[in-house]
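Residues per chain, in single letters:
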Amino acid sequence: MLSTRKLNKRFGSLVVAQDIDLSLPRGVRYALIGPNGAGKTTLINLITGLLAPDSGAIFLGEEQITALKPHQRVRRGLARTFQINTLFPHLSALESVTLAVLERDGNAHNWWKGLPSFASAADEAFAILESLHLQASVGKETRELAYGQQRLLEIALALATRPRVLLLDEPGAGVPKDESAALFAAVEGLSRELTVLFIEHDMDVVFRFASRILVMAGGRLLVEGTPAEIADNEQVREIYLGSRRRAA
Amino acid sequence: MLSSAAGVLFDGFAYGMLSVGLSVTLGMMNFVNLAHCSFAMVGAYATMTLVGNWGWPFLATLPVAFIDAAVVALILERIFFRRLYRASDLDQCLLTIGIVFISIAAYAWFYTTEQQSVRIPDWLQGSWHAGALAFAHYRVFLIVFGLAITALLIFGIERTRWGAQVRAAVDNQRMARGLGIDVDRAFMFTFALGGGLAGLGGALSIQMVGLDPTFALTYLVYVLIVVAIGGLGSIGGSFVAAIVLGISDMAGKYYFPWLGAFLIYLVMVGLLMWRPLGLFGKR
Amino acid sequence: MHFQGLTRWRPLEVVFWLCTLLPFVLTPSYLSLASQIAITALFALSLDLILGYAGIVSLGHAAFFGFGAYTAGLIAKHYWTEPLSALLIAGLSAGILGYALSHIVVRFRHLALIMLTMGFGLLLAEAANSAHAITGGADGLQGFRVPGVLGFRFDMFGRTAYAFALAVLFLCFLICRRIIHSPFGLALRGIRENATRMPAIGAPSQAHLRKAYTIAAVMAGLAGAVLTQTTSTVSLETLSFGRSADVLVILILGGAGRLYGGILGAVIYMVARDQFSGVSPQYWYFWIGLVLVAVVMFLPNGILGGLNAFYKKAQ
């Protein structure tokens, strides 16, 4: 569904992506792990078009999207969430998601008809928020929502675009363990048709939700495999446990 | 032809001197300080009063101009500006424009709206002649002085502990505080320095552009253009930009008088489109 | 079901618009000031569309005001004096200019955007100054008279002028109101709230901004044209940086992004200026400066924002 071919990017002498070859089939859940600075968020930025690669190609389905602008990639079904909440502070949750639905349907250019006449968009937005248990807060301005709810709104916005591929950048970032249940229930409840890639540091979460794991370090994709394979992998252990292992 | 080209170059350099102070607040502190020209006015009127009413020699008034403007800048920084370091560009613009308006009214009240001038020492008047070229003494003085100040500034910012502290504070306030840097004092001192330099520039420019209360507004546009092109975060950058603009302005007025100030604006728009962060901007 | 009542007219709004008819009966000697206020209010409203709703900070909006003003003037001087058709043409041409410039303007943010818009405004003003064969240069465009509109004469009492200006203002206001409550209006607010998020939900931000900028240019052009037609003169001042700065102050004073902020700001500013300018121009600068400082320090959302916050607290 989503694949890259020899994606490369460097900033001066700093290589943030080196020969990244990815191939994510439909409906599979991937976790992308690796130490800080490995280039995980950069990879998402490259795939979504926020960053232009120095070389390489990106494919969504059969279509090459390397030359497309970010919003065009979203229109073709590639959505992402941000590690740090990137929301609309003074818009209500409902307004935010409705806007995403309107953009998706191509109705956002309409300046003549009032919002009330776009009932189906608002209803759909409400339904999405309801599926994430946010229905009680739909009228609240985003900046008044609790942090955990804002993380959920991040996901709601991405879902409203009806993606085929969803990239989640540390969805649980900053959410304390006891509040993240709702968040991961949401991740779990995602459609099985969706290809999901999420960046995560918490191994419990990774092993629980991912059917395959990608490991990145120093801008390179080191290894890919099932959770069991990765847990046994020498290289991965080195990266994460290096010094401890030597001490042992 | 050549002499006018040299004249164009000189005037360009001279314009650069007016904005060196702005590059301190805008360049180092990322604060859009349109009131820079008001500080220039403080210094200019201080010099004018000391020379005209109290008979001081011109050069002796320069330190006073610096200090006067620095003190005013300091007071305003403590009361107003420090609350807006993280505000939007628009808010900073609006606040400082408000200060400019108030200063224009205040100076008009005390000094009337008449044009003022200063008497500069004899050795600064006249010019050197080398063949067909004429180098006005005053302008040479301005350039030498301006270069010296810029060099001092760059040295101060890159090599001293104060410079490092301010750079750190601007980059990341919280981190800087965590390292024990007194961020408030660093900003305060820097702002005062910027204001003082503005006052100095103002005092020096009376000879070239005259002085009346609307000085602050008239040259506001030019000064702002200089910094937008030179870029935020770079002292050398605003200096170069000032020169480029001064030269374009003079060249335009001399070679294409029917274009008026058109050339400056065209250059600015073009440069900004090519480099939105300014030629040397770091923001 | 959702967003219901969004487009309903609040009673205060109805009262306000009825009050705009009061000058006809209460202050008939001030009708020319009233027209000026209406024109300025329309100009501020057009700026609100791009600044208050889309977040484009423009220090050169007078370019469109002046362009519309000169277009209307040139039509009246060289072609015909019927104002309504000239008004439409003026608005349209300002819109074309806006559309052309928008391709550049929407690519920039922050200080570069402020400087660029200022630069375009200054360029146009300089060009008009130089092209004095066409524009009359510093003397302004003179030697024409727009006698009236729809059979009503523009006389020295200013009744027709005010009615004309008010009608154009109201019409444009209705359009703005529609825009703000539409999906497009929501998209503009989205861009203002978080420009980074918009592409991530599939929004073509630059296309949206170009459209908003063009519409704002049309409205500013209409305001300028009305000024020309009601005064039968055009001056370089309509294109000046001073006018761009003035309208910005007016909008901030009233409160940006609140639909009525520009109108309120225009009323307060113009009435105050009318009162103060008699005393001395210095006085005026001083008070405006003080107001600006006060607004930025204490009322960042303008007067309407302050009232809104006060109202919320009182509940």
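Going by the structure above, here's the rest.
Description of the structure in this document. Treat the numbers as computed from the prediction; the structure is a model and nothing was measured.

Details of the overall build of chain A
Helix and strand counts for chain A come out as 9 helices and 10 strands. In summary, chain A has a C-alpha radius of gyration of 19 Å against a globular reference of 18 Å for 248 residues, a match within 12%. By residue count, 44% of the 248 residues in chain A fall in the buried class. Counting only contacts in chain A whose residues sit at least 6 apart along the sequence, the fraction spanning at least 24 positions is 66%.

A few points about the interface of chain A and chain C
Contact residues are listed per partner, giving 35 residues for chain A and 27 residues for chain C. Ranked by residues supplied to the side of chain A that touches chain C, first place goes to helix H3 (residues 93-105) of chain A with 7 residues. Among the residues forming the side of chain A that touches chain C, the class breakdown is 21 nonpolar, 8 polar and 6 charged.

Topic: the sheet that holds strand S6 (residues 78-80) of chain A
All names here are of chain A. Ordered by their spatial adjacency, 6 strands build an open sheet running S6-S7-S8-S3-S9-S10, and the pairing between neighbours is mixed. Strand pairing shows two members of the sheet lacking a second neighbour, S6 and strand S10 (220-225), which therefore form its edges. For this sheet, the mean inter-axis angle between neighbouring strands, taken without regard to orientation, is 20°.

Remarks on the nonpolar core
What tends to happen in soluble globular proteins is that the nonpolar side chains get buried as a cluster. Membership of the largest hydrophobic core comes to 273 residues, with the highest contact counts inside it found for Val97(A), Ala156(A), Val100(B), Leu42(C) and Leu222(C). Residue contributions to this core peak at 15 residues, all from helix H3 (residues 31-53) of chain C. Leave out the neighbours within four places in its chain, and Val97(A) touches Ala125(A), Ile128(A), Leu129(A), Ala156(A), Leu157(A) and Ala160(A).

Considerations on the interface of chain C and chain B
Contacts between the two partners involve 30 residues from chain C, matched on the other side by 33 residues from chain B. Elements with a minimum of two residues in the side of chain C that touches chain B: helix H6 (110-130), helix H12 (241-254) and helix H14 (281-298) of chain C. Examining the composition of the side of chain C that touches chain B, we find that 14 residues originate from one element, H6(C), more than from any other. Broken down by class, the residue content of the side of chain C that touches chain B amounts to 23 nonpolar, 6 polar and 1 charged.

Some details on the pairing of strand S7 (residues 165-169) of chain A
The side chains of a regular strand alternate, first on one face of the sheet and then on the other. All names here are of chain A. With 5 of 5 residues buried, S7 is to be regarded as a mostly interior element. Of the two faces of S7, the one holding Val165, Leu167 and Asp169 and the one holding Leu166 and Leu168 are both buried throughout. Viewed along the sheet, the connection from S7 through helix H6 (residues 180-188) into strand S8 (residues 195-199) turns out right-handed.

Quick look at the environment of Gly202(C)
Mapping Gly202(C) onto the fold places it in the loop between helix H10 (197-200) and helix H11 (205-231). Residue Gly202(C) is classed as buried on the basis of its C-beta count, with 27 C-beta atoms lying within 10 Å. A C-alpha to C-alpha distance of 38 Å links Gly202(C) and Val14(C), two positions 188 residues apart in sequence. Setting aside residues no more than four positions away along its own chain, Gly202(C) makes contact with His71(A), Val74(A), Arg75(A), Glu103(A), Arg104(A) and Thr161(A).

Regarding the packing of helix H4 (residues 62-78) of chain C against H6(C)
Residue and element names in this part refer to chain C. For the pair H4 and H6, the least separation of the axes is 9 Å and the interaxial angle reads 30°. Between H4 and H6, the angle falls in the class roughly parallel. From H4, Ala62, Ala63, Gly66, Phe67 and Tyr70 reach across to H6, where they touch Phe120, Gly121, Leu124 and Ala128. Across the contact of H4 with H6, the residue classes break down as 7 nonpolar, 2 polar and no charged.

Each value, and the rule that gives it
- Going along each chain's sequence as written, the residues are numbered from 1 onward.
- Chains carry letters from A onward and ligands carry numbers from 1 onward, assigned in written order.
- Local features in a predicted model are, by the rule used here, given only for residues with pLDDT of at least 70; side-chain atom pairs are given and counted only at 80 or more, and totals for whole chains, interfaces and linings are based on all residues.
- Only DSSP runs of H or I reaching four residues or more are called helices, and only runs of E reaching two or more are called strands; each is numbered from the N terminus.
- Computation of the radius of gyration draws on C-alpha atoms, with the globule rule given as 2.2 Å multiplied by the number of residues to the power 0.38.
- Exposed residues have 12 or fewer other C-beta atoms within 10 Å of their own C-beta, buried residues have 20 or more, and partly exposed residues fall in between, where C-beta atoms are placed from the backbone.
- A pair of residues counts as a contact when their C-beta atoms, built from backbone coordinates, are within 7 Å of each other.
- Side-chain classes follow a simple rule in which Ala, Val, Leu, Ile, Met, Phe, Trp, Tyr, Cys and Pro form the nonpolar group, Asp, Glu, Lys and Arg form the charged group, and the remainder, Gly included, forms the polar group.
- Pairing between strands is defined by DSSP: at least two bridges between them are needed.
- Here an angle of 0 to 180 degrees is reported between the N-to-C directions of two axes, which are lines fitted to C-alpha atoms, with helices fitted over the stretch in contact.
- In this description, a nonpolar core means buried residues of the types Ala, Val, Leu, Ile, Met, Phe, Trp, Tyr and Cys, linked to one another by C-beta atoms lying within 7 Å.
- Here a crossover is taken to be right-handed if, once the strands point away from the viewer, the path from the first strand over the helix to the second is traced clockwise.
- In what follows, roughly perpendicular refers to angles from 65 to 115 degrees, roughly parallel to angles under 35, roughly antiparallel to angles over 145, and oblique to any angle outside these ranges.

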